[in-house]
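# Working through the structure, step by step
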Amino acid sequence: MNKEKRREILTRLRAENPKPQTELNYSSPFELLIAVILSAQATDVSVNKATDKLYPVANTPEAIAALGIDGLKHYIKTIGLFNSKASNVIKTCNMLIELHHSQVPENREALQALPGVGRKTANVVLNTAFGWPTIAVDTHIFRVANRTKLAVGKNVDQVEEKLLKVIPAEFKVDVHHWLILHGRYTCIARKPRCGSCLIEDLCEYKDKTEH
């Protein structure tokens, strides 16, 4: 995969979706942070169903903390791992209140110090809420980057490092969303939809399908 091919792939993805957005519903950095914590090993659809009921009732650190763990569980019990996530969200809300004036910090170290927030979650918040040119590598991006040969790596950290190195600056803010959506709807896990893929001729995947 050479830089000309990479640029053409990114140019096509941008032309198809000039202003990509996360599929998580949110209206503030705090709502995004909580949604991303809840989305670990869960679908965006399932998270949105829960937060669509939660946020009208509680969408600030104080309001969610006031619900308590059991009160929060009532809203998120349909999401996988909801017990541990409820505990992490309440702890995170309390830390935001105590350490950050109830604001989501625009700082990687401060974000990763919050319970339930790892590097990937921090990257999503920094990119989506604050416009940082970070690339959060989830299972979709890991698959697409390796299949296409856009950025080959044995683990998510290697793929993130490679993407940050090879993606031109003009594409870095949006590439996270393009690759996730591409992996979610076209380059799907079991059988990629190569026949309907707008970058099929540029992709270096060996086992392409016709559909």
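What this report covers is the structure whose coordinates are included nearby. Source: prediction; values computed, not measured. (Residues numbered from 1 in each chain as written. Predicted model: local features only at pLDDT ≥ 70, side-chain atom pairs only at ≥ 80, totals over all residues. Heavy atoms only, no water.)

One pass over the structure, following the stated rule, counts eight salt bridges. Between Asp-201 and Arg-12 there is a salt bridge, with the nearest N and O atoms lying 2.6 Å from each other. Here the residue Asp-201 occupies a position in the segment after α10 (172-185), and Arg-12 occupies one in helix α1 (residues 3-16), the gap between them amounting to 189 residues. Residue classification places Asp-201 among the exposed positions, given a relative accessible area of 54%. Given a relative accessible area of 22%, Arg-12 falls into the partly exposed group. The partner of Arg-14 in a salt bridge is Glu-170, and the shortest N-O contact between them spans 2.9 Å. Here Arg-14, found in helix α1, pairs with Glu-170, found in the loop between α9 (156-166) and α10; they are 156 residues apart in sequence, far enough to count as distant. Among the residues examined, Glu-170 registers a relative accessible area of 45% and is labelled partly exposed. Each of Arg-7, Arg-14 and Glu-170 takes part in salt bridges that share partners, so that together they form one network. (Salt bridge = Lys/Arg side-chain N within 4 Å of Asp/Glu carboxyl O. Helix = DSSP H or I, 4+ residues; strand = E, 2+ residues; numbered from the N terminus. Buried < 20%, exposed > 50% of the residue type's maximum accessible area, 1.4 Å probe, protein only.)

To continue, consider the side chain of Lys-172. Assignment of secondary structure puts Lys-172 in helix α10. Among buried Asp, Glu, Lys and Arg side chains, Lys-172 stands out as unpaired, with Glu-160 the closest opposite charge at 10 Å. When neighbours within four sequence positions are excluded, Lys-172 is seen to be in contact with Asn-127, Pro-133, Thr-134, Ile-135, Leu-164 and Ile-167. (Lys, Arg positive; Asp, Glu negative; His and termini not counted. Contact = heavy atoms within 4.5 Å.)

Running from amino to carboxyl end, helix α7 (residues 119-128) crosses α10 at an angle of 120 degrees, the nearest separation of the two axes being 10 Å. Judged on the interaxial angle alone, α10 and α7 are oblique. In this structure, the crossing between α7 and α10 has a hand that is left-handed. For the pair formed by α7 and α10, the contact residues are Val-124, Asn-127 and Thr-128 on the first element and Lys-172, Val-173, His-176 and His-177 on the second. Taken together, the residues of the contact of α7 with α10 break down into two nonpolar, four polar and one charged. (Axes fitted to C-alpha atoms, helices over the stretch in contact; angles between N-to-C directions. Parallel < 35°, antiparallel > 145°, perpendicular 65-115°, else oblique. Left-handed = near helix turned anticlockwise from the far one by under 90°. Nonpolar A, V, L, I, M, F, W, Y, C, P; charged D, E, K, R; others polar.)

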